[in-house]
Every structure is written in C-alpha cells, then in structure tokens.
Amino acid sequence: CGGEPVRTGFPSMTRDGSLYFAHRRDDVVGIYRSRPVEGEYATPELVAATDPPGASPGDLFVDRDERFVIVSISHHPGNVDPEQGDLYVIHRLDDGNWSEAERLGPDINTAVHENCPHVTPDGRFFIFNRYDPETQRGESYWLDSEVVLSATGLL
C-alpha cells in the first residue's frame with residue numbers, strides 16, 4: 001500500500017460498548033471510535049484529529065459516558081518537551097463534536113513522558129504513568145480525580 005504502516009492501539013471502551021483507540025496511517029492521525037451495531041463493530045470513525053500535523057496520540061482513556069477523552073500526545077510543540085508525551089483532555093461538546101485537545105497542567109505534565117491515563121470505575125481517582133527515557137524508569141501516580149477533572153471543567 002505504500003506510506004507509513006497502520007498503527008492502531010490503546011483501546012478504551014464506553015458503557016455502551018463503543019471502542020475508542022488511537023490510529024495512525026499515512027496522514028490520518030487521531031482518535032477513532034467504532035460503535036457496536038447488531039453484534040458487530042461499525043467502520044471506525046475519526047472523532048478527534050491530532051493537531052498540529054506530526055503530533056502523535058498514544059495511550060488514552062475515554063469516560064464511560066463519552067464526556068471526555070484523556071490522551072497522551074507526543075511530538076506536540078505545546079509539550080514541556082515536544083519529543084515526550086504530555087496528557088491532554090478532549091471534551092465532547094453539546095453538539096456531539098469534540099473540542100480541541102487541552103494540555104493538562106504542570107502538576108501532571110513534566111519534561112519526561114506522561115502516559116497511561118485512567119480514571120477508576122468509581123470516578124474517585126486519576127491514575128497515570130510517568131516514564132523517564134534517560135533513566136529508563138517509570139512510576140505510576142494517582143490523584144483524587146476531582147483535582148484533575150475539576151481543573152479541566154469536567155466536574
């Protein structure tokens with residue numbers, strides 16, 4: 001087929017069984033959704049493109065009710081270190097479209113790679129990983145979800 005290979009991963013599922021995932025192929029880069037229809041998954045649809053070009057979505061978490069997605073985006077000029085991943089939130093708007101990605105603040109994002117975002121099923125805690133490529137060490141962090149979600153307007 002030519003071009004860059006397909007790269008799909010980091011699935012997250014909603015309450016109704018919709019599957020969200022990061023997908024990269026040639027110039028189509030972003031977060032996609034596939035909804036269950038009559039026991040099968042429909043053709044994936046792009047719900048949020050990653051801007052600017054070259055930015056790369058990775059690990060993601062979608063809220064069970066599809067109110068928001070938290071995603072690690074690398075190669076973004078707005079990151080503390082553009083080569084590393086920072087965590088961003090994308091809100092579902094009232095009209096069903098999705099907002100631009102908003103970078104979570106300095107309490108979350110640092111000069112190393114933040115990834116693996118997750119909100120616990122009870123909604124109480126926000127968990128993420130921080131990986132330092134220089135030391136090749138990763139650590140997991142957890143915070144009261146109100147600290148993160150209220151700061152982003154999600155609560």
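To be clear, the structure that these remarks concern was listed above.
Residues numbered from 1 in each chain as written. Predicted model: local features only at pLDDT ≥ 70, side-chain atom pairs only at ≥ 80, totals over all residues. Heavy atoms only, no water.

**Here we look at the nonpolar core**
Here's step 1: Membership of the largest hydrophobic core comes to 14 residues, with the highest contact counts inside it found for Y20, I31, L60, V69 and V71.
Here's step 2: At the level of elements, β2 (19–25), β6 (45–49), β7 (56–62), β8 (68–74) and β9 (86–91) are the ones that each hand at least two residues to this core.
Here's step 3: Top element by residues in this core is β8. It accounts for 3 residues.
Here's step 4: For L60, the residues in contact, after removing those within four places along its chain, are F10, S12, Y20, F21, A22, I31, V69, I70, V71 and P117. (Core = buried A, V, L, I, M, F, W, Y, C linked by side-chain atoms within 4.5 Å. Buried < 20%, exposed > 50% of the residue type's maximum accessible area, 1.4 Å probe, protein only. Helix = DSSP H or I, 4+ residues; strand = E, 2+ residues; numbered from the N terminus. Contact = heavy atoms within 4.5 Å.)

**Considerations on the packing of aromatic side chains**
Here's step 1: Per the stated rule, a full pass over the model turns up 6 aromatic pairs.
Here's step 2: With a centroid separation of 4.9 Å and an interplanar angle of 85°, the aromatic rings of F125 and W142 are classed as edge-to-face. Pair noted here: F125 is in strand β12 (residues 125–132) and W142 is in strand β13 (residues 137–144), with a separation of 17 residues, a long-range link.
Here's step 3: Relative accessible area serves as the criterion here: at 57%, W142 is assigned to the exposed category.
Here's step 4: When the ring of F128 is compared with that of Y141, the centres are 5.4 Å apart and the planes differ by 20°; the resulting orientation is stacked. Remark: Y141 occurs in strand β13 and F128 occurs in strand β12; sequence separation between them is 13 residues.
Here's step 5: An aromatic cluster of at least three residues, connected via ring pairs, comprises F126, F128 and Y141.
Here's step 6: The positively charged end of R130 is found above the aromatic ring belonging to Y141, 4.5 Å away from the centroid. (Phe/Tyr/Trp six-rings, centres within 6.5 Å; stacked < 30°, edge-to-face > 60°. Lys NZ or Arg CZ within 6 Å of the ring centre and 35° of its normal.)

**As for the sheet that holds strand β11 (residues 113–119)**
Here's step 1: Sheet architecture is open: 3 strands sit in the order β11-β12-β13, paired in antiparallel fashion. Each of the sheet's edge strands pairs with one partner strand only, and the pair in question is β11 and β13. Direction aside, neighbouring strands of the sheet carry axes that sit 20° apart on average.
Here's step 2: The pairing of β11 with β12 spans 5 bridges and is antiparallel. Residue pairing for β12: V119 is matched across the bridge by F126. (Pairing = 2+ DSSP bridges. Axes fitted to C-alpha atoms, helices over the stretch in contact; angles between N-to-C directions.)

**Comments concerning the sheet that holds strand β10 (residues 102–103)**
Here's step 1: The 4 strands are arranged β7-β8-β9-β10 in an open sheet whose pairing can be described as antiparallel. Across the chains shown, the open sheet's two edge strands, defined by having one partner strand only, are β7 and β10.
Here's step 2: As paired elements, β8 and β9 share 6 bridges and run antiparallel to each other. Bridging across to β9, V71 finds its partner in Y88.

**Side note on unusual backbone geometry**
Leaving glycine out, the prevailing phi sign among residues is negative, and the prevailing peptide bond configuration is trans.
Here's step 1: Although it is not a glycine, E38 adopts a positive phi angle of roughly 50°.
Here's step 2: Mapped onto the fold, E38 is located in the loop between β4 (36–37) and β5 (40–41).

**Points about the side chain of H113**
Here's step 1: Relative to the helices and strands, H113 is located in strand β11.
Here's step 2: Here the side chain of H113 touches G85 through a polar contact of 2.6 Å, landing on its backbone nitrogen.
Here's step 3: If near-sequence neighbours (up to four positions away) are discounted, H113 is found in contact with S72, S74, Q84, G85, N129, R130 and Y131. (Polar contact = N/O pair within 3.5 Å; in protein donor to acceptor, adjacent residues only side chain to side chain.)

**Comments concerning the pattern of salt bridges**
Here's step 1: Taken as a whole and assessed by the stated rule, the structure comprises 8 salt bridges.
Here's step 2: A salt bridge links D63 to R67, with the shortest nitrogen-to-oxygen separation between them at 2.9 Å.
Here's step 3: R67 gets classed as partly exposed once you look at its relative accessible area, which sits at 40%.
Here's step 4: Between D86 and R103 there is a salt bridge, with the nearest N and O atoms lying 2.9 Å from each other. Here R103 lies in strand β10 and D86 lies in strand β9, a separation of 17 residues in the sequence.
Here's step 5: The buried category is assigned to D86, whose relative accessible area is 0%.
Here's step 6: What you see here is one network of salt bridges that share partners, running through D16, R33, R35, E45 and E66. (Salt bridge = Lys/Arg side-chain N within 4 Å of Asp/Glu carboxyl O.)

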